[in-house]
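# Examining the three-dimensional arrangement
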Amino acid sequence: MESQALNNVITYAPKSRAQLIDYAFEHHKILVAVNAEKILHATDQSRAIINRNLGYPDGIGAVWALRKKGYKDVVKIPGCELWLDIVKKYHTTKSFYLVGGKQDVIEDTVAKLEQEFNGIDICNFRNGYIKTEAEEQQLIEDIIHHQPDVVFVAMGSPKQELLMERIQQKHQAVYQGLGGSFDVYTGNVKRAPHWWVKNNLEWAYRLVNQPSRIKRQIHLVRFLANLILGKY
């Protein structure tokens, strides 16, 4: 699978979700979402985290930038859908460990997964409030003990990526950072309706429903301007 540097953020250009998933499992990768904001505001730290791992086009801005570089067949793969694609494909053959969210959210997530995916092997889970080094060490030791094939961590960037890297040093698996995906999955946070998502207007839906996001969405205009000027 080919990749391209966008503002020196190495972003892979999958032609399908299946290709990305297969590549991640073949190479035991940490999957990191890349969008316009992460490209535009890349810092030395955030850029290094993505470049050490498998950055994929989670947002339409990253897709536009890759297509401008000649990757015409690249597809957008929202992280809040990708993790469920992984579960759907492997729920009867691989084991899963979940980290993140509030206690009631992670419990609801596990219950819903067990209801929707018959036979899924969730070997363990815990909330995302890891407050001490001792708690983190306990988590790592528990993951080593259970030997999961897939670890999902929903804590927000860059915290989740840094944690996944530390865990991966002790246990090889496929990892994906999920941000607020457990909240979306359990219905605590409402995602844009299908039409808005299908037409790459999820950002506009969020802006309509939360006008205070205007300051953040202005960054998209800057990103597009840079894209048109060939800065990526």
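Provided above is the structure to which this section pertains.
This one's a predicted model, so the numbers in the text were calculated from it and none came from an experiment.

Quick look at the environment of Asp142 now. Within the element layout of this structure, Asp142 appears in helix H7 (residues 133–146). The spacing of Asp142 and Phe125 is 17 residues in sequence and 9.7 Å in space, taken between C-alpha atoms. A polar atom in the side chain of Asp142 sits 2.5 Å from the side chain of Tyr97.

Our next topic: the pattern of salt bridges. Under the definition given, this model contains 6 salt bridges. With a closest N to O distance of 2.6 Å, Lys89 and Asp22 form a salt bridge. Remark: Asp22 occurs in helix H1 (residues 17–27) and Lys89 occurs in helix H5 (residues 79–90); sequence separation between them is 67 residues. Exposure remark for Lys89: the relative accessible area of 40% places this residue in the partly exposed category. Taking the relative accessible area as the measure of exposure, Asp22 reaches 36% and is therefore partly exposed. We note a salt bridge from Glu136 to Arg166, for which the minimum N-O separation is 2.7 Å. Taken together, the positions of Glu136 in helix H7 and Arg166 in helix H8 (residues 159–168) put the pair 30 residues apart, joining distant regions of the chain. Its relative accessible area of 36% is what places Arg166 among the partly exposed residues.

Further remarks concern the nonpolar core. By size, the foremost hydrophobic cluster in this structure holds 36 residues, and its most contacted members are Leu139 and Phe223. At the level of secondary structure, the elements contributing two or more residues to this core comprise strand S3 (30–34), helix H2 (36–40), helix H4 (60–68), strand S5 (95–100), H7, strand S7 (150–154), H8 and helix H12 (214–228). At 5 residues, H4 tops the list of elements feeding residues into this core. If sequence neighbours within four positions are ignored, Phe223 has contacts with Ala36, Ile39, Leu40, Gly61, Ala65 and Tyr232. Formed by 32 residues, the second largest nonpolar core is a distinct cluster that contains Tyr12, Ala24, Trp83 and Val87.

It is worth spelling out the packing of aromatic side chains at this point. Inspection of every chain in the model, using the stated rule, returns 6 aromatic pairs. Ring centres 5.6 Å apart and planes at 45 degrees place the aromatic pair Tyr12 and Tyr23 in the tilted group. Of this pair, Tyr12 sits in strand S2 (residues 9–12) while Tyr23 is found in helix H1, placing the two residues 11 residues apart along the sequence. The exposure class of Tyr23 is buried, given its relative accessible area of 17%. Summarising the aromatic geometry, the rings of Trp83 and Phe182 are spaced 5.4 Å apart at their centres and angled 65 degrees between planes, so their arrangement reads as edge-to-face.

Glancing now at the sheet that holds S7. The strand order S4-S3-S8-S7-S5-S6 describes an open sheet built from 6 strands, whose pairing is parallel. This sheet does not close on itself; its edge strands, each paired only once, are strand S4 (54–57) and strand S6 (121–126). Averaged over neighbouring strand pairs, the angle between their axes works out to 25 degrees when direction is ignored. Pairing between S5 and S7: 5 bridges, direction parallel. Each bridged residue has a counterpart across the sheet, and for Tyr97 the counterpart in S7 is Val151.

Its place among the elements puts Thr11 in strand S2. Those residues in contact with Thr11 that sit more than four places away from it in its chain are Ser3, Gln4, Leu6, Val34, Gly55, Tyr56, Pro57 and Leu66.

Cut-off values and rules
- Residues numbered from 1 in each chain as written.
- Predicted model: local features only at pLDDT ≥ 70, side-chain atom pairs only at ≥ 80, totals over all residues.
- Heavy atoms only, no water.
- Helix = DSSP H or I, 4+ residues; strand = E, 2+ residues; numbered from the N terminus.
- Polar contact = N/O pair within 3.5 Å; in protein donor to acceptor, adjacent residues only side chain to side chain.
- Salt bridge = Lys/Arg side-chain N within 4 Å of Asp/Glu carboxyl O.
- Buried < 20%, exposed > 50% of the residue type's maximum accessible area, 1.4 Å probe, protein only.
- Core = buried A, V, L, I, M, F, W, Y, C linked by side-chain atoms within 4.5 Å.
- Contact = heavy atoms within 4.5 Å.
- Phe/Tyr/Trp six-rings, centres within 6.5 Å; stacked < 30°, edge-to-face > 60°.
- Pairing = 2+ DSSP bridges.
- Axes fitted to C-alpha atoms, helices over the stretch in contact; angles between N-to-C directions.

Everything listed is a geometric property; what it means functionally is a separate question.
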